[in-house]
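# Observations on the three-dimensional arrangement
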Amino acid sequence: MTLRLFNTLSREVEPFEPLAPPRVTVYSCGPTVWNYAHIGNFRTFIFVDLLRRWLEASGFSVFHVMNLTDVDDRIIKEATAKGVGIDALVSPYVDAFREDCEYLRIRPAHAQPRATEHVRAMVDLVQGLLDKGVAYRGDDGSVYFAIQRFPAYGRLSRLDTRELKTGGSGRVSSDEYSKENAQDFVLWKAARSEDEAVGAAWDAPFGRGRPGWHLECSAMALSLIGDKYGAKVLDIHTGGVDLIFPHHEDEIAQSCAYTGESAFARFWLHGEFLQIRGAKMSKRFGNIVTARALREDGVDPGAIRLLICQAHYRQPLDLTDEALEAAREGSRRLGELDRRLRDRPGASDQLASLAQETDAKVAAALDDDLNVPRAMGQVFEFVRDANRLLDRGEKADPAAVALWERWTKTLFDVLPSAREADAALASRVEALVAERATAKKTRDFARADAIRAELLALGVVVEDTPAGTKWRLA
Ligand code: AMP
Ligand code: ZN
């Protein structure tokens, strides 16, 4: 079996072959760090993480780039409102993003360029496009891309290019616009006083200004894969479905016009939305849930990953309390088997062959356009059957454990419920035991009894011995 992936360019599932195996270059549009990323954003980043892990597990050597958009319309607006420079605005959110990724077991990309650190490459790209005559300076001082000079414009998003060609000479200067008004888009925005005030303006031969959002990704991707491999075409480019138009369409236009290649990325992969009651999770709709809120609620990251794994990346996924609760329960079951496997080493042909069968099915599912929910279903069947075998006295065969680790590593990294939940429980119990000792000392027996009951509810039994209080799991 070889890996097959749905390519938005062809709207078909295609066999995946990188340009120069085993190397695979992946560029992912990263977060705009004007605020905390929400778990809708993280659905897309977890999808990319799963893709990367599966590529690596399949023997590819991945070079993953994920940018941080640290200058764009939204950031400037927010910095202006708060009366701070863009750097001061974004810095805490850059740190927060890294922490959230760590919490969610999202592997850090090999390169995490910040747009403001690559302005040089952006200026070069704009100059190159001006030299080729596909870009022009507008009367407002900004530089625009002339979409009629690029015949492939609209191919990714299936825009009707005939209409575009008769569409006149309109231009858009904002980062976001709709398919209905596809027009020449801005590459470089002439500096306004607001931009200067927040430190978002740079010198360039074609006038002081700042990069447009679309330009940033093209410049960072091309300069990073160019420096590292001398490459001009990415193997895979990812993002959420909302980025297909205009963002990715514009990335393709700028990049291909600049490099002269027929493709910017050979595979375009887009993840569907995380929704709340059918509506896209978005700051604009006021329905966001952040990763840190979930962490503060004590949700284990394995449960969040499991929740995301419930739907194929090309299907919308609704976040509900019930779904999260079910995922927490699922994560607990996985953690439980993980612990059992560690506690019962030994040989078992039955368990080994069950694991081998599961492994083939998991691999087939992941090779089939990263069908994570199907793979997850196989893992849960294994959980059920392996528990039965262990109940009957079978041992945790090392061959089975190795395969179990391969799946859990690909899907979760570690099973946090197994390890961290233990540590979290232990520290909670220690705190309660200490509090109970104080209560007893101060003869507050009602409180001491209440704590004992609380501990019992946690599945913990306390015993008072001459050497002090001991506790164990019931
Ligand atoms: P942004 O920070 O707005 O540039 O978005 C970062 C990434 O999150 C992009 O790839 C978006 O497509 C993606 N994204 C935004 N909202 C959602 C959502 N509700 N569900 C899944 N992905 C999303
Ligand atoms: Zn991008």
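Here's a quick rundown of the structure. Model, not experiment: these values are computed from the prediction.

## Quick word on the packing of helix α10 (residues 301-308) against helix α14 (residues 398-412)
- Direction vectors running N to C along α10 and α14 enclose 85°, while the axes themselves pass 10 Å from each other. What the angle tells us is that α10 and α14 run roughly perpendicular. Between α10, through Gly 302, Arg 305 and Leu 306, and α14, the contact on the second element is made entirely by Thr 410, Leu 411 and Phe 412.
- Here the contact of α10 with α14 is built from residues that sort into 3 nonpolar, 2 polar and 1 charged.

## Things to note about the coordination of the zinc ion (ligand 2)
- For the zinc ion (ligand 2), the protein coordination sphere consists of Cys 29 (SG), Cys 217 (SG), His 247 (NE2) and Glu 251 (OE), at 2.0 to 2.4 Å.
- Angles of 76 to 129° at the metal separate the 4 donor atoms of the zinc ion (ligand 2), which places the site in the irregular class.

## Let's talk about the packing of helix α12 (residues 349-367) against helix α13 (residues 372-391)
- The interhelical angle for the contact between α12 and α13, taken along N-to-C directions, is 170°, at an axis separation of 8 Å. Put simply, α12 runs roughly antiparallel to α13. For the pair α12 and α13, the contacting residues are Gln 350, Leu 351, Leu 354, Ala 355, Thr 358, Lys 361, Val 362, Ala 364, Ala 365 and Leu 366 in the first and Val 372, Arg 374, Ala 375, Gln 378, Val 379, Phe 382, Asp 385, Ala 386 and Leu 389 in the second.

## Examining the site of ligand 1
- Around ligand 1, the structure places 18 residues, and the nearest of them are Gly 40, Thr 44, Asp 242, Leu 274 and Met 281.
- Note that an oxygen atom of ligand 1 is positioned 2.9 Å from one of the backbone N or O atoms of Thr 32.
- Measuring from a nitrogen atom of ligand 1, one finds a backbone N or O atom of Met 281 at 2.9 Å.
- Considered on its own, ligand 1 offers 500 Å² of accessible surface; in the complex 93% of this is hidden by protein.
- If one sorts the elements of the shell around ligand 1 by residue count, helix α1 (residues 39-57) sits on top with 4 residues.

## Considerations on the sheet that holds strand β13 (residues 279-280)
- An order of β13-β12-β14 is seen for the 3 strands of this open sheet, with the pairing classed as mixed. Strand pairing shows two members of the sheet lacking a second neighbour, β13 and β14 (317-318), which therefore form its edges.
- Across 2 bridges, the pairing between strand β12 (residues 274-276) and β13 is antiparallel. Its bridge partner being in β13, Gln 275 is matched across the sheet by Lys 280.

## Notes on the pairing of strand β15 (residues 460-465)
- Summarising the sheet, β15 and strand β16 (residues 468-473) pair through 6 bridges and their orientation is antiparallel. Residue pairing in the sheet places Glu 463 in a bridge with Lys 470 of β16.
- A loop of 2 residues connects β15 with β16, the two strands running antiparallel in sequence.

## Side note on the nonpolar core
- By size, the foremost hydrophobic cluster in this structure holds 143 residues, and its most contacted members are Leu 55, Phe 145 and Ile 236.
- Setting aside residues up to four positions removed in sequence, Ile 236 forms contacts with Leu 5, Phe 16, Val 24, Thr 25, Val 26, Tyr 27, Leu 51, Leu 55, Ala 265, Phe 267 and Leu 269.

## Topic: the pattern of salt bridges
- One pass over the structure, following the stated rule, counts 39 salt bridges.
- Notably, a salt bridge pairs Glu 329 with Arg 332, separated by 2.9 Å at the nearest N-O pair. Highlighted residues: Glu 329 and Arg 332, both in helix α11 (residues 321-343), separated by 3 residues, approximately one helical turn.
- A relative accessible area of 38% means that Glu 329 is categorised as partly exposed.

## Topic: the sheet that holds strand β4 (residues 61-66)
- With parallel pairing, 4 strands are arranged side by side in an open sheet as β4-β3-β10-β11. Each of the sheet's edge strands pairs with one partner strand only, and the pair in question is β4 and β11 (265-271). Within this sheet the neighbouring strands show an average axis-to-axis angle of 20°, counted without direction.
- Bridging between strand β3 (residues 23-28) and strand β10 (residues 234-240) involves 3 bridges; their strand directions are parallel. Looking across to β10, one finds that Ser 28 is bridged to Thr 238.
- Of the strands in this sheet, β3, β4 and β10 are in contact with helix α7 (residues 213-229), which crosses β3 at around 160°.

## Looking at α14
- Here α14 spans 20 Å end to end across 15 residues, near enough to the 21 Å set by a 1.5 Å rise per residue.
- Residues Ala 400, Val 401, Leu 403, Trp 404, Trp 407, Thr 408, Thr 410, Leu 411 and Phe 412 constitute the buried set of α14.
- Residues of α14 that are buried sit in contact with α1, α10, α11, α12 and α13.
- Where α14 begins, the side chain of Asp 397 points an oxygen toward the backbone nitrogen of Ala 399, at a separation of 3.0 Å.

## Overview of a positive patch on the surface
- A grouping of Arg 11, Arg 155, Arg 158 and Lys 179 is seen on the molecular surface, where their side chains present a positively charged patch.
- Mapped onto the secondary structure, Lys 179 falls in the loop between β7 (171-172) and β8 (184-190).
- Judged by relative accessible area, Lys 179 falls into the partly exposed class, the value being 40%.

Calculation criteria
Residues numbered from 1 in each chain as written. Chains lettered and ligands numbered in written order. Predicted model: local features only at pLDDT ≥ 70, side-chain atom pairs only at ≥ 80, totals over all residues. Heavy atoms only, no water. Axes fitted to C-alpha atoms, helices over the stretch in contact; angles between N-to-C directions. Helix = DSSP H or I, 4+ residues; strand = E, 2+ residues; numbered from the N terminus. Parallel < 35°, antiparallel > 145°, perpendicular 65-115°, else oblique. Contact = heavy atoms within 4.5 Å. Nonpolar A, V, L, I, M, F, W, Y, C, P; charged D, E, K, R; others polar. Donors = N, O, S within 2.8 Å, 3.2 Å for Na, K, Ca; no water. Tetrahedral: all angles 85-135°; square planar, octahedral: opposite > 155°, others 65-115°. Near = heavy atom within 4 Å. Polar contact = N/O pair within 3.5 Å; in protein donor to acceptor, adjacent residues only side chain to side chain. Areas by Shrake-Rupley, 256 points an atom, 1.4 Å probe, with all protein chains shown as cover. Pairing = 2+ DSSP bridges. Core = buried A, V, L, I, M, F, W, Y, C linked by side-chain atoms within 4.5 Å. Buried < 20%, exposed > 50% of the residue type's maximum accessible area, 1.4 Å probe, protein only. Salt bridge = Lys/Arg side-chain N within 4 Å of Asp/Glu carboxyl O. Expected span 1.5 Å × (residues − 1). Patch = residues over 30% accessible without salt bridge, like charges linked within 9 Å, V, L, I, M, F, W, Y side chains within 5 Å. Lys, Arg positive; Asp, Glu negative; His and termini not counted. Charge placed at Lys NZ, Arg CZ, Asp CG, Glu CD.

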